[in-house]
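The residues making up each chain are set out below.
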Amino acid sequence: MNIEGFELLNYPGKPKNFPLDPFQERVFSNIYLEIPVGDTLFMLSPALRIVYPGKNQDVEREIIKRENKLYSLKRLILESIIEHTALLEANSYYIAQNDYLLLARITLQPGEGIYRLKFYTHDAMDLLSNYEDKIYLGHDFLYLAEERKFFGLDDFIPYLDSEFTYLKEKEAEFKIKNPMVRDYMVEIGELIGDVLMVWEEKKIDFDIEDAETETLRRATMNFMDAKHILVELHDEVREFEYKLRSRSEAENHLSRYVTKLRKDVVNILHYINMKLLSRIQRRINFPGG
């Protein structure tokens, strides 16, 4: 029996099993998975036991049958965020404060073998009793059927537009009529449009370790151009988030979704700075090192 929700385990993705540092090892030992089965999110503990919503013989049989593949999936998830995000580095304090608990929620994306992951952390002792208080850390895209291109930025930057569309839907749902909110939404939408345009015009795919110096120099400027607009976007979103708080109930509720957008922008900036530009600039500045 193949239960809907576990079909991602049919894809041939294999972990690279590269060495982990001590922080990463602790996180790997404390990954909780949330897998959609039908309309229900099943939460699995690090030992792959059902934590929520409770016993289900069909799902338990599927877990037992695919236990090795589920452990491989956790390793693939960790390797993806190490390679294609700076999520662990940027959120290490909050993760460590919660005994290295990392909750990975899995959802299907358009495209064969592509899944979107949302990451949270929480105190394990009251994970279920205060589930709504979990801390959102960011998101990633897991590719199981093909190679990822453009360092993953071709997922993260275009997805900002989808997030903004969702934010507009929430604004309409909460029936917010404040002109201040409308002005910020217009400005944020324009900045997202600007960064999408720059990215589509200037994105290039290359191997940082093997690329010619001229390619590295061009890539540096292209990443910088996109980064500078992202900084403007971050500042606008942060200011909007601050002004929404302590206002009406609807506006305060909207601020939670604005916070998630801000965190995702911050994560892109951290990733460009920590994982991409630092490597590129080292190759340019120290070509023989």
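Everything below is about the structure shown above.
Bear in mind the structure is a predicted one, so any value in this text is a computation, not a measurement. (Residues numbered from 1 in each chain as written. Predicted model: local features only at pLDDT ≥ 70, side-chain atom pairs only at ≥ 80, totals over all residues. Heavy atoms only, no water.)

A. Focus on the overall build of the protein. Of the regular secondary structure elements, the protein holds nine helices and six strands. Its C-alpha atoms give the protein a radius of gyration of 20 Å, within 12% of the compact-globule value 19 Å for 289 residues. If one aligns the C-alpha atoms of the protein with their principal axes, the spans along those axes are about 55 × 55 × 35 Å. Working note: accessible area of the protein is about 15100 Å², and carbon and sulfur atoms make up 48% of it. Taken as two groups, the 39 positive and 50 negative side-chain charges of the protein have centres that lie 2 Å from each other. (Helix = DSSP H or I, 4+ residues; strand = E, 2+ residues; numbered from the N terminus. Rg over C-alpha atoms; globule rule 2.2 N^0.38 Å. Areas by Shrake-Rupley, 256 points an atom, 1.4 Å probe, with all protein chains shown as cover. Lys, Arg positive; Asp, Glu negative; His and termini not counted. Charge placed at Lys NZ, Arg CZ, Asp CG, Glu CD.)

B. Main features of the nonpolar core. Membership of the largest hydrophobic core comes to 51 residues, with the highest contact counts inside it found for Phe 206, Phe 223 and Phe 240. Listed by contribution, the elements that provide at least two residues to this core are helix H6 (153-173), helix H7 (179-202), helix H8 (213-244) and helix H9 (249-285). A total of 12 residues in this core trace back to one element, the largest contributor, which is H9. Those residues in contact with Phe 223 that lie beyond four places of it in its chain are Phe 151, Leu 153, Trp 199, Phe 206, Ile 272, Leu 276, Leu 277 and Ile 280. (Core = buried A, V, L, I, M, F, W, Y, C linked by side-chain atoms within 4.5 Å. Buried < 20%, exposed > 50% of the residue type's maximum accessible area, 1.4 Å probe, protein only. Contact = heavy atoms within 4.5 Å.)

C. Structural detail: empty space enclosed by the protein. Enumeration over the complete set of coordinates arrives at two cavities of 30 Å³ or more. Estimates place the volume of the largest cavity at around 90 Å³. In terms of lining residues, the largest cavity is bounded by His 84, Thr 85, Ala 86, Leu 87, His 139, Phe 156, Asp 264, Asn 267, Ile 268 and Tyr 271. Split into classes, the residues belonging to the lining of the largest cavity amount to five nonpolar, four polar and one charged. Its boundaries defined by the atoms lining it, the second largest cavity holds a volume of some 50 Å³. (1 Å grid on protein atoms, 1.4 Å probe; cavity = no way out; pocket = protein on both sides within 12 Å on 5 of 7 lines; lining within 4 Å. Points joined across faces, edges and corners; volume = space filled by probe spheres on them. Nonpolar A, V, L, I, M, F, W, Y, C, P; charged D, E, K, R; others polar.)

D. View of unusual backbone geometry. Each neighbour pair has its own omega, and for Tyr 52 with Pro 53 the value is 5°, a cis peptide bond. Within the element layout of this structure, Pro 53 appears in the loop between strand S3 (50-52) and helix H2 (57-65). In this structure, Asn 17 takes a positive phi of about 55° despite not being glycine. A positive phi is found at Leu 48, a non-glycine position, where the angle reads about 65°. Tracing the backbone shows Leu 48 in the loop between strand S2 (40-44) and S3. Classification of Leu 48 as buried rests on a relative accessible area of 2%.

E. Inspection of the pattern of salt bridges at higher detail. Counted under the stated rule, the structure contains 18 salt bridges. Note that Asp 58 is salt-bridged to Arg 61, the shortest N-O span being 2.4 Å. Placement of the pair is Asp 58 and Arg 61 together in helix H2, with a separation of three residues, close to one helical turn. Of the residues examined, Asp 58 reaches a relative accessible area of 30% and is grouped as partly exposed. The closest approach of N and O atoms between Glu 209 and Arg 279, which form a salt bridge, is 3.1 Å. (Salt bridge = Lys/Arg side-chain N within 4 Å of Asp/Glu carboxyl O.)

F. The packing of H7 against H8, seen in detail. Where H7 meets H8, the axes come as close as 9 Å, and the angle between the chain directions of the two elements is 165°. By the angle between their axes, H7 is roughly antiparallel relative to H8. Read as a crossing pair, H7 and H8 show a hand that is left-handed. In terms of residue class, the contact of H7 with H8 is made up of 18 nonpolar, one polar and eight charged. (Axes fitted to C-alpha atoms, helices over the stretch in contact; angles between N-to-C directions. Parallel < 35°, antiparallel > 145°, perpendicular 65-115°, else oblique. Left-handed = near helix turned anticlockwise from the far one by under 90°.)

G. Summary view of the pairing of strand S5 (residues 114-121). Most of S5 sits inside the fold, with seven of its eight residues counted as buried. In this sheet, strand S6 (residues 135-143) lies alongside S5 in antiparallel orientation, the contact comprising eight bridges. From the neighbouring strand, Tyr 115 faces S6, where its bridge partner is Leu 142. (Pairing = 2+ DSSP bridges.)

H. Representation of the sheet that holds strand S4 (residues 102-108). If you trace the six strands from one edge of the open sheet to the other, you get S3-S2-S1-S4-S5-S6, paired in mixed fashion. Edge positions in the sheet fall to S3 and S6, since each of these pairs with one other strand and no more. If you compare each strand with its neighbour and ignore which way they point, the axes differ by 30° on average. Sheet topology note: the strand S1 (residues 31-37)/S4 ladder contains four bridges and is parallel. Bridge pairing in S4 places Tyr 32 opposite Leu 103. Against the sheet, H2 touches S1, S2 and S3, its axis set at about 140° to S3. In the packing of helix H3 (residues 67-84) onto the sheet, contacts are made with S1, S2, S4, S5 and S6, and the angle to S6 comes to roughly 105°.

The values reported here are purely geometric and, on their own, carry no functional implication.
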